[in-house]
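So the chains spell out like this:
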Protein chains: 2
Amino acid sequence: MATVEELKLRIRELENELIKSKQKQSDAEHHLRPKIDQMSAEVVDSNPYSRLMALKRMGIVQDYEVNMCIYYFYDTFILITACSCSDEHYTCCHSQKIRSFAVAVVGVGGVGSVTAEMLTRCGIGKLLLFDYDKVELANMNRLFFQPHQAGLSKVEAAEHTLRNINPDVAFETHNYNITTMDNFTHFMNRISHGGLEEGKPVDLVLSCVDNFEARMAINTACNELGQIWMESGVSENAVSGHIQLIIPGETACFACAPPLIVAANIDEKTLKRDGVCAASLPTTMGVVAGLLVQNVLKYLLGFGTVSYYLGYNAMQDFFPSMAMKANPQCDNRHCRRQQDEYKKKEAEQPKQEVVQEEEEVVHEDNEWGIELVSEVSEAELQDASGPVPDLPEGITVAYTIPEKDGASGETVEETDQSLEELMAQMRKM
Amino acid sequence: MATVEELKLRIRELENELIKSKQKQSDAEHHLRPKIDQMSAEVVDSNPYSRLMALKRMGIVQDYEVNMCIYYFYDTFILITACSCSDEHYTCCHSQKIRSFAVAVVGVGGVGSVTAEMLTRCGIGKLLLFDYDKVELANMNRLFFQPHQAGLSKVEAAEHTLRNINPDVAFETHNYNITTMDNFTHFMNRISHGGLEEGKPVDLVLSCVDNFEARMAINTACNELGQIWMESGVSENAVSGHIQLIIPGETACFACAPPLIVAANIDEKTLKRDGVCAASLPTTMGVVAGLLVQNVLKYLLGFGTVSYYLGYNAMQDFFPSMAMKANPQCDNRHCRRQQDEYKKKEAEQPKQEVVQEEEEVVHEDNEWGIELVSEVSEAELQDASGPVPDLPEGITVAYTIPEKDGASGETVEETDQSLEELMAQMRKM
């Protein structure tokens, strides 16, 4: 039998072991960096913002963080943004530009999770995350989530990782499907009241969802609220994607030029077969998230040219770019209302209109003098063409049937023969 | 004083607490998924490869995993790749295509770490990581590393995270600077012997370093070994980057058209000032890593068009693309040797030469019929031109001095007047 001394020795051993074990356990927590009150440009290894603050010194952004100086002058508070703060006579307070923004990310999957991580690492003020999915091992072929998070809700797992990366960001997560009636109302409410200062709207909504129903819900909400948002998407075969900036009333909304599946009112769920999943690649999703957040930074911090639409074709490394105006015949009544309001505003400020027109040129430099030219001359075109029909203004014909061989200009559509009869004729040839 | 019973009770309590603590500690490890012998296309949430195997069904890659069938036929072993394995009479073994490749990543920073993560999530066979840097909080504005890893070596921290994400990948890490004499020899050795099967070379080397000295070291090693590699880079102002495929002897190496700083033999360390750091963004680095690994996948798995050079200008969302042939006057003797060998091989296989020429067209489709056109006609050019000098074959003049105003075709270079005299004349005008 053990003596009291032996037992006491064992207790001391166990107590020591327990302390060590608990230390290891909370090791990660102990390493968490403390919150930072003010972003500094100081170049020391321990400063998580030094490489971002360098953007100002490099002349890329006017202000990554803005020093805001409030001083008291003849009984009046005067506010100066971007002050140098060298004057010690006044009371200075500091406000951070990137930190003053709240962004909502809808869909925290292959694109949305990386989008949220990039914004977190840039030191955004507040992130609102919406998703109703759980992390699965099948998601491990994209960046961000890790195998040990399988089974957790995506928003919960994301918040845990992101808060660990940057405790300065405020997080708000909603583990629900935005397309159901109740959730949609709540979603609208958070978009319009969940800004950095509660009660104010968010600065931007980012759509990182994988289905048209959710995109249409975001579109509906943003049209109604006049909320600027950005769309993103990756193709089912994993080798192309796009990002798009939507300014209600000004640029085409998602319903202005809907994909066929939406226009034809097909239930997309009927298109997904059991046992068949879409392909996805961490590369394509990483590139799309990168292009999306780059566009967000350019839009919020005011540098470079914000893209209206930017595509990514991975097979050819081709990046189409374009801008689409809102469709006056859009199905969405709030889009039409926003268009009317935009027109009114434009009419009131004729000078601003010119500036906006200039902004719509996406690629201003054309170093190689590339032009779109017709391979045939106007005269050749005239000779080769049939009679041009009488068309409403703004509509042109791509081609007409030439009157060669003395034919009467009869087109296939004008024949009385059925398709079957024509095919039978073809077989005889 | 405590009784023996009380002491024993305390021991039991401590033992239980210790077990619980250790369980929590290794919680992450318990959640680690087991290794997977063979990639499956089965669409279940627990399959980490389902979205990647779908690439084949989508018609993007011919084989993400190849089924290799070896069977015994009339006393002979016959090997069929990409067999359907429906025949039960033969002995089948399976080999994975993506798993058969080894890739070396030099530099595990903002681009390299994301590059390594993407390859890991794609299920690459083996990764060799080279870096001598430590993780710092100042790196937290890019993806991948987390604050609790500050102070760890980058390769050690990366391996830990990556192994956790995908235990099927083999990792080899080297915590050293490849540019010192001894390390360079070891680096060369691992490139030429550290393949998936020890003794064989790696399939690809990726340069993700942030200085020219390291790039030149990789260039020297790859030229000497005839090792195909890809270069990547991000500008100091964080808003542009590029990737480049280098095939020794065939395409321009890093020394064929060196940056000014290398050509002028300037020590880049003298350019870096204390207290000044380069700007960096998780967006630009994520996009460059995505474009790099996409090019790697296209090159290794044989889909799409592999880019020789692809640039990314974030300010304008402009993506220049080009191909550069090797420079016969390259400073690097191994590059010139590889060029000679490539020419010999080309001469021996005249048929293959045509195929290679075709491959160099980067953008084959030209949906919009974009052409490079001259703004002046041939006749106008003739009228506006002066005498065309006698030039060696292949060299053309960009412009000549027109003989307008009855001038004798005298050019500025031919005058006897000094620059000062000419400037004095201009001031009098």
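Look up a bit, the structure's there.
Residues numbered from 1 in each chain as written. Chains lettered and ligands numbered in written order. Predicted model: local features only at pLDDT ≥ 70, side-chain atom pairs only at ≥ 80, totals over all residues. Heavy atoms only, no water.

## Here's the deal with unusual backbone geometry
Trans peptide bonds make up the majority, and among non-glycine residues the majority have a negative phi.
Residue and element names in this part refer to chain A.
Working step 1: Here Ala-238, not a glycine, exhibits a phi torsion of approximately 75°, which is positive.
Working step 2: Inspection of the secondary structure assignment puts Ala-238 in the loop between β7 (229-234) and β8 (240-246).
Working step 3: Judged by its relative accessible area of 0%, Ala-238 is buried.
Working step 4: One non-glycine residue, Asp-317, adopts positive backbone phi at about 50°. (Helix = DSSP H or I, 4+ residues; strand = E, 2+ residues; numbered from the N terminus. Buried < 20%, exposed > 50% of the residue type's maximum accessible area, 1.4 Å probe, protein only.)

## Focus: the sheet that holds strand β8 (residues 229-234) of chain B
All names here are of chain B.
Working step 1: Read from one edge to the other, the open sheet built from eight strands follows the order β6-β5-β4-β7-β8-β9-β10-β11, with strand pairing classed as mixed. The open sheet terminates on both sides in strands that have one partner only, identified here as β6 (170-174) and β11 (321-322).
Working step 2: Two strands pair when backbone bridges link them, and strand β4 (residues 102-106) and strand β7 (residues 204-207) are joined in this way by four bridges, in the parallel orientation. Of the residues in β7, the one forming a bridge with Val-105 is Leu-206.
Working step 3: Here helix α6 (residues 181-193) sits on the sheet in contact with β4, β5 (126-130), β6 and β7, set at roughly 170° to β5.
Working step 4: In the packing of helix α9 (residues 282-301) onto the sheet, contacts are made with β4, β7, β8, β9 (240-246) and β10 (309-313), and the angle to β8 comes to roughly 170°. (Pairing = 2+ DSSP bridges. Contact = heavy atoms within 4.5 Å. Axes fitted to C-alpha atoms, helices over the stretch in contact; angles between N-to-C directions.)

## Some details on the relation of the copies chain B and chain A
Working step 1: Of the transformation superimposing chain B on chain A, the axial component is 0.5 Å and the angular component is 180°, with the fit at an RMSD of 0.8 Å. These values place the two chain copies in the arrangement generated by a two-fold rotation axis. Nearest to the rotation axis, the C-alpha of Val-4 of chain B is located 1.6 Å from it, this being the minimum over chain B.
Working step 2: Most of the interface of chain B is mirrored in chain A: 97% of its interface residues are interface residues there too. (Least-squares fit on C-alpha atoms with pLDDT ≥ 70 in both.)

## Let's talk about the interface of chain B and chain A
A common measure of how large an interface is: the accessible area buried when the components associate.
Working step 1: In this assembly, 98 residues from chain B lie in contact with 95 residues from chain A.
Working step 2: When the two sides are added together, the surface that chain B and chain A hide from each other amounts to roughly 8800 Å², 64% of it contributed by carbon and sulfur.
Working step 3: Ranking the residues of chain B by area buried against chain A places Arg-51, Arg-121 and Cys-277 of chain B at the top, with a combined share of 8%.
Working step 4: Where chain B packs against chain A, one counts four salt bridges.
Working step 5: The salt bridge partner of Lys-298 of chain B is Asp-317 of chain A, with a shortest N-O separation of 3.4 Å.
Working step 6: For the side of chain B that touches chain A, the secondary-structure elements that each account for two or more residues are α1 (4-25), α2 (27-31), α3 (50-57), α4 (112-122), α5 (154-165), α9, β10 and β12 (370-372) of chain B.
Working step 7: Per-element accounting of the side of chain B that touches chain A gives the leading share, 13 residues, to α1 of chain B. (Buried area = accessible area lost by both parts, 1.4 Å probe. Salt bridge = Lys/Arg side-chain N within 4 Å of Asp/Glu carboxyl O.)

## Description of the nonpolar core
Working step 1: Ranked by size, the top nonpolar core spans 132 residues in total, and within it Tyr-64, Leu-127 and Leu-206 of chain A together with Tyr-64, Leu-127 and Leu-206 of chain B carry the most contacts.
Working step 2: Once residues within four sequence positions are removed from consideration, Tyr-64 of chain B is found in contact with Met-39, Leu-52, Met-53, Leu-55, Lys-97, Ile-98, Cys-122 and Leu-301 of chain B.
Working step 3: With 30 residues, the next largest nonpolar core counts Phe-184, Ile-191, Ala-214 and Ala-252 of chain B among its residues. (Core = buried A, V, L, I, M, F, W, Y, C linked by side-chain atoms within 4.5 Å.)

## Observations concerning the pairing of β8 of chain B
All names here are of chain B.
Working step 1: Of all six residues making up β8, five are buried, and the element is well covered by its neighbours.
Working step 2: Note that β7 and β8 share three bridges and pair parallel. The residue bridging Leu-206 from the neighbouring strand is Met-230, located in β8.
Working step 3: Between β7 and its parallel partner β8, the chain crosses via helix α7 (residues 212-225), and the hand of that crossover is right-handed.
Working step 4: Examined bridge by bridge, β8 and β9 share six bridges and lie antiparallel to one another. Following the sheet pairing, Gly-233 is matched in β9 by His-242. (Right-handed = clockwise from strand over helix to strand, strands pointing away.)

Treat this as a map of the structure, not an account of what it does.
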